[in-house]
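Topology and contacts: notes
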Amino acid sequence: MEQDRQRLASKLNIGKEIWYMTQEQVRAAGLTETDILDLTRAALVAHGRKEYEMPAKIGVHPFQDVFFHAMPAYVPSRLALGMKWIECYPGNPARFNLPQTTGLLLLNDILSGCPIAIMDCAWITAMRTPAVTVLAAAALHPEAETFGMFGCGVQGVEHVKFAGLTLDKLKTIYIYDVKEENMDQLIAQVQPKVQAKIVKGRGFEEVTKSCEVLSSATFIVKRPYAFVKREWVCKGQTILPCDLNTFWDPAIPMEADKFIVDSIEEHQLFDRAGYFPGGLPRIACETGQILAGVRPGRESKDELIVCSNIGMSVCDVVVGRAVLDRALDRDLGLKLPL
Ligand SMILES: NC(=O)c1ccc[n+]([C@@H]2O[C@H](COP(=O)([O-])OP(=O)(O)OC[C@H]3O[C@@H](n4cnc5c(N)ncnc54)[C@H](O)[C@@H]3O)[C@@H](O)[C@H]2O)c1
């Protein structure tokens, strides 16, 4: 820890200066998909071993169906301490042509507590979220040959890319979005990077019935729209929503053989806020516990598993800290007085 602080102090007058990074600079720091997967795995394993501090998000809600979350975390093994301040406004794309999710990540020096960096967190969120999904998918369903993605926006594009790079038996990736142009853009962007063939699905039912592993990244609201019906889902599938309880028939997680979540506390918090009007399904364990090997994942080929990952700041601070280290080495960012 002392050594790390000395390295930081050689670049930054801690307590007097802060390192500011734009979204472009965060991206340009140059973490690869492999780096993101390694860092996210480390954060999940630390979480699974209970080697972290991360209170459930607190939030404010100026309108129905929007939220701001304060997401602090400390992961000692990665010397990562900070907080993400992020909003989710599902109406932003249609109303303002702005992303649903924007925010900032603040990092602190562990020894003195002083803020050391502030950076845009859109790219980090866009990367660590699919990394969680595909690490869970690889642990729960490593032999999958088919992957289905609902929603082809920021998260959908990255999910398909990460799935194609991580699930090495994949032959076909089915995608579906209510906007045809978003599917076309996804294929144009991602097909050159992955071996599996990306196929445009014709609808919710066809994609659900064609895939062993499925994910969704559409929008998060309190009302479950249940676009995918219980009767289309079968034993043996693995379903990994990152849009909570909006997309899938709530009967699916209720009746699944295992309902796994990234954070029990976070899911209980969303339940209290009204996002599970039919009740929170019984939780088997946490995603990090499976990656850390302290709880079993899939125990039979026939299990229907739902693994809901709503996003944890342990992943944000670990990835953010690595971004900062790279950026300081490359002088990428702006030193500002505190
Ligand atoms: N779990 C996490 O850690 C985490 C992190 C970031 C974002 N998210 C959530 O992921 C979701 C997607 O975020 P994004 O940044 O990709 O948003 P986005 O606006 O870029 O993409 C959403 C996509 O979903 C499509 N869509 C909307 N309704 C649909 C439907 N019924 N069926 C199929 N497609 C539909 C839209 O056309 C769009 O292409 C949001 O709900 C966001 O809150 C979760």
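Points about the environment of Tyr174
Structurally, Tyr174 can be placed in strand 8 (residues 172–176). Counting along the chain gives 172 residues from Tyr174 to Glu2, while the straight-line C-alpha distance between them is 49 Å. Aside from chain neighbours lying at most four places away, what touches Tyr174 is Thr146, Phe147, Gly148, Met149, Val199, Val207, Ser210 and Cys211.

Here's the deal with the packing of helix 1 (residues 2–11) against helix 12 (residues 313–330)
Helix 12 packs onto helix 1 with a crossing angle of 50° between their chain directions and a minimal axis gap of 10 Å. Judged on the interaxial angle alone, helix 12 and helix 1 are oblique. Judged by the twist between their axes, the crossing of helix 1 over helix 12 is left-handed. Listed contacts from helix 12 to Asp4, Arg7, Leu8 and Lys11 of helix 1 are Arg321, Leu324, Asp325, Leu328 and Asp329.

Some thoughts on the site of the ligand
Within the structure, the ligand sits among 27 residues, and Arg128, Gln155, Asp177, Asn182 and Asn309 are positioned closest to it. The side chain of Arg128 places a nitrogen or oxygen atom 2.7 Å from an oxygen atom of the ligand. Between the ligand and Gly311 there is a distance of 3.5 Å, counted from an oxygen atom to a backbone nitrogen or oxygen. Protein chains shield 89% of the accessible area of the ligand, which is 860 Å² for the free molecule. For the shell around the ligand, the secondary-structure elements that each account for two or more residues are helix 5 (122–140) and helix 6 (154–166). Among the elements that make up the shell around the ligand, the one with the highest residue count is helix 5 (three residues). Per-class residue counts for the shell around the ligand are 13 nonpolar, ten polar and four charged. A domain split of the shell around the ligand shows at least three residues from each of domain 1 (2–124 + 314–337) and domain 2 (129–311).

Concerning the domain arrangement of the protein chain
The domains assigned to the protein chain are domain 1 (2–124 + 314–337) and domain 2 (129–311). Of note, the centres of domain 1 and domain 2, computed from C-alpha atoms alone, are 25 Å apart. Across the contact, 23 residues belong to domain 1 and 28 residues belong to domain 2. Here domain 1 is connected to domain 2 by two salt bridges. Between Lys161 and Glu33 there is a salt bridge; the shortest N-O distance is 3.0 Å. On the surface where domain 1 and domain 2 come into contact, there are seven residue pairs in polar contact (both at pLDDT 80 or more).

Section: the pairing of strand 14 (residues 305–308)
One face of the sheet, then the other: side chains in a regular strand alternate in exactly this way. Going residue by residue along strand 14, you find Ile305 and Cys307 tucked away on one face and Val306 and Ser308 tucked away on the opposite face as well. In this structure, strand 11 (residues 238–241) lies alongside strand 14, joined through two bridges in parallel fashion. Residue pairing across strands places Ile239 opposite Val306, the latter belonging to strand 14.

So, helix 12
Its 18 residues place the ends of helix 12 25 Å apart at the C-alpha level, agreeing with the 26 Å of an ideal helix rising 1.5 Å per residue. Within helix 12, 15 of the 18 residues are buried, which leaves the element mostly enclosed by the surrounding structure. Just past helix 12, the residue Asp331 takes up positive phi, approximately 55°.

Overview of the pattern of salt bridges
A pair can form between side chains of opposite charge whenever their charged atoms are brought close. One pass over the structure, following the stated rule, counts 24 salt bridges. We note a salt bridge from Glu158 to Lys161, for which the minimum N-O separation is 2.8 Å. One end of the pair, Glu158, and the other, Lys161, are both in helix 6, three residues apart, so they sit about a helical turn from each other. Here Glu158 falls in the buried class, since its relative accessible area comes to 12%. For Lys161, a relative accessible area of 8% gives the class buried. A single network of salt bridges, built from pairs that share partners, joins Asp4, Arg7, Arg321, Asp325 and Asp329.

Definitions and limits used
Residues numbered from 1 in each chain as written. Predicted model: local features only at pLDDT ≥ 70, side-chain atom pairs only at ≥ 80, totals over all residues. Heavy atoms only, no water. Helix = DSSP H or I, 4+ residues; strand = E, 2+ residues; numbered from the N terminus. Contact = heavy atoms within 4.5 Å. Axes fitted to C-alpha atoms, helices over the stretch in contact; angles between N-to-C directions. Parallel < 35°, antiparallel > 145°, perpendicular 65-115°, else oblique. Left-handed = near helix turned anticlockwise from the far one by under 90°. Near = heavy atom within 4 Å. Polar contact = N/O pair within 3.5 Å; in protein donor to acceptor, adjacent residues only side chain to side chain. Areas by Shrake-Rupley, 256 points an atom, 1.4 Å probe, with all protein chains shown as cover. Nonpolar A, V, L, I, M, F, W, Y, C, P; charged D, E, K, R; others polar. Domains from an automatic or database assignment. Salt bridge = Lys/Arg side-chain N within 4 Å of Asp/Glu carboxyl O. Buried < 20%, exposed > 50% of the residue type's maximum accessible area, 1.4 Å probe, protein only. Pairing = 2+ DSSP bridges. Expected span 1.5 Å × (residues − 1).

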